[in-house]
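Chain and residue survey
Okay, here's what each chain looks like letter by letter:
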Amino acid sequence: MEQRLAAIRGDAPPKRHNARTIAALTGNPGCTRRAVLDGAGVDKPALAGRVGFPARFGQSRFAITRGNIFEAQVKADGGAELLRLVAERLGVPVPTAASWTDLGDGDDPATRARRSATLLTEAVSPVDTDADADEPAALFDHPMLGLVVAGQRVHLEPDLVAARLGGRFHVVEIKSFPVIDGQADPAKVAAAAVQSAVYVLALRELFTARGHDPQLVSHEVVLVCPRDFSNEPVAHLLDVRRQLLVVRRQLDRMDRLDTLLADVPADVTADPAADPAILAGSLARVPARYAPDCLASCELAYFCRHEARGQTGALGRPVREALGGIADVGEVLALAGGEPATEPERAEAAALLRTAARLRADALTTA
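Below is a summary of the structure that appears in this document. Every chain is numbered on its own, with residues counted from 1 as its sequence reads. Side-chain atom pairs in this predicted model are given and counted only at pLDDT of 80 or more, local residue features only at pLDDT of at least 70, and totals for whole chains, interfaces and linings cover all residues. Here the side-chain values reflect all heavy atoms present in the structure, with hydrogen atoms and water set aside.

A look at the side chain of Ser-176
- A helix here means a DSSP run of H or I that spans at least four residues, while a strand means a run of E at least two residues long, and both kinds are numbered starting from the N terminus. Of note, Ser-176 is situated in the loop between strand 6 (168-174) and helix 8 (186-209).
- For Ser-176, a relative accessible area of 18% gives the class buried.
- Whether two residues touch is decided by their heavy atoms; if any such pair falls within 4.5 Å, the residues are in contact. Discounting residues that sit within four places of it in the chain, Ser-176 has contacts with Ala-63, Arg-66, Gly-67, Phe-70 and Pro-226. Burial classes follow relative accessibility: with a 1.4 Å probe on protein chains only, a residue under 20% of its type's maximum area counts as buried, one over 50% as exposed, and anything between as partly exposed.

Below, the structure written as structure tokens:
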């Protein structure tokens, strides 16, 4: 399988995943094209530009700078204010003592990962929700964790892991988007929840590998954001149990790439150095499952949208499902116009479409 994936990728080294890209995998788990390209480590931004549909999303430099400034502010003074926020949000006494370990600088990722694993597992204490408030808490700044994605070891770096708060470990994610009147952008919160679930899963797998109970890592993630239009931090709890199941399911699917590759023609290439016409033809031979949501998370979304013109899937999953799985817009219009369904299972959808067309015509007439 490694040779096959390398042949698809071309001469370039594989692109490494991170928490954001792993989280993005969960957005469209039924897309074979994305699973194959991500499994092969294809440089999708370069590929999208090569076929004439460059990606149009990503974090601005301003947003990155703002996020770094807010994170530094929250972590100032050895994380004293951050520890108070997290403890109060978790409903546990604020520890009178806490250790701060910076794992974000210095060594290469592999060395950092080994050091992080040692220090995190050394901080394990029995689960005790009535833990003494005087028990020293432990804050680990930017520990290096790891997950296996399609056979490759991926390094992951959460903002913070807080240990021995109520006897458990909590992932802390710091984001610069605001919480206004107690509400934040639902799409950004959802993205933060999936990304945090990736970190929780990685930390649980570390504990399992070291012989500790993975449930020592809480499924409740602490999200820290600015309050209203100030830089005052506010903490919220995110329950990521559902996101954990989704991420685990997609990673398991990536581990079964050999099954997906069985349906991919042997001469398919996604090498950005190849001729654009050859690349476009190759991509067309790998099944995709485009939906409008892809525009926010996949670099090839504009290519797939162009390819999906005339397909009901381009209108979104709810539309495709409401139409009973009819894939072609032309067929939908024909059925709405009174053409009989050629397949018995589409008779109900055809009747509903004719009714909808009649109601629309009546509404336009009376208007």
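Remarks on the pattern of salt bridges
- Throughout this description, the term salt bridge denotes a Lys or Arg side-chain nitrogen within 4 Å of a carboxyl oxygen of Asp or Glu. Evaluated as defined, the whole model comprises 15 salt bridges.
- With a closest N to O distance of 2.4 Å, Arg-248 and Glu-205 form a salt bridge. Within this pair, whereas Arg-248 is found in helix 9 (residues 241-255), its partner Glu-205 is found in helix 8, the two being separated by 43 residues in sequence.
- Of the residues examined, Glu-205 reaches a relative accessible area of 30% and is grouped as partly exposed.
- Across the pair Asp-252 and Arg-248 runs a salt bridge, and its minimum N-O distance is 3.3 Å. Here Asp-252 pairs with Arg-248, and both are found in helix 9, just four residues apart, close to one helical turn.

Focus: the environment of Pro-143
- Tracing the backbone shows Pro-143 in the loop between strand 2 (137-141) and strand 3 (145-149).
- In this structure Pro-143 comes out as buried when scored by relative accessible area, which is 0%.
- Residues Pro-143 and Ser-176, 33 residues apart in the sequence, show an inter-C-alpha distance of 20 Å.

Some points on empty space enclosed by the protein
- The way it works is a 1 Å grid over only the protein atoms, where trapped points that fit a 1.4 Å probe form a cavity and open points with protein on both sides within 12 Å along at least five of seven lines form a pocket, and then any residue with an atom within 4 Å of a point lines it. Grid points are joined across faces, edges and corners, and a volume is the space filled by probe spheres set on the points. In the structure shown here, the tally under the stated rule is two cavities of 30 Å³ or more.
- In this structure, the largest cavity occupies an estimated 130 Å³ of space.
- Lining the largest cavity are 17 residues, and of these Asn-28, Cys-31, Arg-34, Cys-294 and Cys-298 sit closest to its centre.
- Put simply, the parts of the chain that give the lining of the largest cavity at least two residues each are helix 3 (32-40) and helix 12 (301-307).
- Tallying contributions element by element places helix 3 first for the lining of the largest cavity, with three residues.
- Across the lining of the largest cavity, the residue classes break down as 10 nonpolar, three polar and four charged. Under the convention adopted here, Pro, Cys and the residues Ala, Val, Leu, Ile, Met, Phe, Trp and Tyr are nonpolar, Asp, Glu, Lys and Arg are charged, and Gly plus all remaining residues are polar.

Focus: the nonpolar core
- The biggest cluster of nonpolar side chains holds 76 residues, and the ones touching the most others in it are Leu-156, Phe-169, Leu-203 and Leu-300.
- Looking at this core element by element, the count peaks at 13 residues for helix 8.
- Other than its neighbours up to four places away in sequence, Phe-169 contacts Leu-120, Ala-123, Val-124, Val-161, Ala-162, Ala-163, Leu-203, Phe-207, Leu-216, Val-217 and Ser-218.
- Judged by nonpolar contacts, the second largest core, of 19 residues, contains Phe-70, Val-172, Ile-174 and Val-224. Take the buried residues of types Ala, Val, Leu, Ile, Met, Phe, Trp, Tyr and Cys, join any two whose side-chain atoms come within 4.5 Å, and each joined set is a nonpolar core.

Some words on the sheet that holds strand 1 (residues 98-102)
- Spatial ordering of the open sheet is given by 1-2-5-6-7-8, a layout of six strands whose pairing is mixed. The sheet terminates laterally at strand 1 and strand 8 (233-239), the two strands that pair on one side only. Strand after strand, the sheet turns through a mean of 25° between neighbouring axes, direction not considered.
- Only strands that DSSP links by at least two bridges are regarded as paired with each other. The pairing of strand 7 (residues 220-226) with strand 8 spans seven bridges and is antiparallel. Along strand 8, the bridge assignment pairs Val-221 with Leu-238.
- Helix axes are fitted to C-alpha atoms over the stretch in contact, other axes to C-alpha atoms as well, and angles between N-to-C directions run from 0 to 180 degrees. The strands that helix 5 (residues 61-74) touches are strand 6, strand 7 and strand 8; relative to strand 7, the one it contacts most, it runs at about 110°.
- Sitting on the sheet, helix 7 (residues 109-122) is in contact with strand 1, strand 2, strand 5 (160-165) and strand 6, with an inclination near 170° to strand 1.

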